[in-house]
Amino acid sequence: MNLFINAAGDKPMYEQVKDGIKEAIMNGELKAHDLMPSVRQLAADLNVSMITTKRAYADLEREGLIYTVAGKGTFVKLEDIGMIQEKHAAEALEQFRIQAEALKKLDVPIEKLENELKNIYGGNNNE
C-alpha cells in the first residue's frame, strides 16, 4: 500500500491517510482480513504523528472498513466491497447534483456540462 501525504495540502493529514487507505481497499489492493500496519509503523512510514494515523484508523473503524483485535492488530473488514462502492457512488452523485444545481444557477449551458463529462469519461473525440 503506497500512501502519499501532502503536508502543505488543504486536506488534513489524517483525512489524506484515511482516503488513501479507503482507495487501497476500494481498488482491491487491500482485501478482507488483510493485516494493516500498526498505528506506530504507519506513522513512521508516512513521517506523521501517531495521533494522525490513530485518528484515520478510528474513522475507518467507525465507517466499518477496518477492525482491531487486541494483541493481534488491525485488519480490513470488508466482506462485500460492492455495497461500500455503491454507498460511495451515491455520495459522489449527491455532490455532483449539488454542483450541477450551482452551475445551473450560474447559467452554464448544459452542453458545456455534457462536454466536460465526455472529457472525464474519455468519450469526447471532437476536441
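Residues numbered from 1 in each chain as written. Predicted model: local features only at pLDDT ≥ 70, side-chain atom pairs only at ≥ 80, totals over all residues. Heavy atoms only, no water.

Engineer: Could you clarify how one ought to interpret the confidence of the model for the protein chain in this entry?
Structural biologist: In low-pLDDT regions, the fine details of the predicted coordinates are not to be read closely. Confidence in the prediction for the protein chain averages 89 pLDDT; 94% of positions are at 70 or higher. Mean pLDDT values for the elements of the protein chain range from 86 in helix H4 (residues 81-105) up to 96 in helix H3 (residues 50-62). (pLDDT = per-residue confidence, 0-100. Helix = DSSP H or I, 4+ residues; strand = E, 2+ residues; numbered from the N terminus.)

Engineer: What is the right way to read the nonpolar core from this model?
Structural biologist: Nonpolar side chains tend toward joint burial in soluble globular proteins. In this structure, Val17, Ile21, Ile25, Leu30 and Leu42 are the most contacted members of the largest nonpolar core, which totals 20 residues. Those elements giving two or more residues to this core turn out to be helix H1 (13-26), helix H2 (39-46) and H3. If one sorts the elements of this core by residue count, H1 sits on top with five residues. If sequence neighbours within four positions are ignored, Leu30 has contacts with Met1, Ile21, Ala24, Ile25, Met36 and Val76. (Core = buried A, V, L, I, M, F, W, Y, C linked by side-chain atoms within 4.5 Å. Buried < 20%, exposed > 50% of the residue type's maximum accessible area, 1.4 Å probe, protein only. Contact = heavy atoms within 4.5 Å.)

Engineer: Sorry if this is basic, but what is going on with H1 here?
Structural biologist: Every α-helical turn comprises 3.6 residues, leaving residues that sit three or four positions apart pointing alike. Compared with an ideal rise of 1.5 Å per residue, which puts 14 residues at 20 Å, H1 spans 20 Å between its outermost C-alpha atoms and is within 8% of the ideal. Taken across its 14 residues, H1 has ten buried, putting it largely inside the fold. Where H1 is concerned, the buried positions are Tyr14, Gln16, Val17, Lys18, Gly20, Ile21, Lys22, Ala24, Ile25 and Met26. (Expected span 1.5 Å × (residues − 1).)

Engineer: Hey, could you run me through the packing of aromatic side chains in this one?
Structural biologist: The geometry of an aromatic ring pair is captured by the separation of the ring centres together with the interplanar angle, meaning the angle of the planes. As enumerated under the stated definition, the model contains one aromatic pair in all. Their ring planes at 25° and their centres at 5.5 Å tell us that Tyr67 and Phe75 sit as a pair that is stacked. The partly exposed category is assigned to Tyr67, whose relative accessible area is 25%. Against the face of Tyr14 rests Arg55, its NZ or CZ located 3.8 Å from the ring centre. (Phe/Tyr/Trp six-rings, centres within 6.5 Å; stacked < 30°, edge-to-face > 60°. Lys NZ or Arg CZ within 6 Å of the ring centre and 35° of its normal.)

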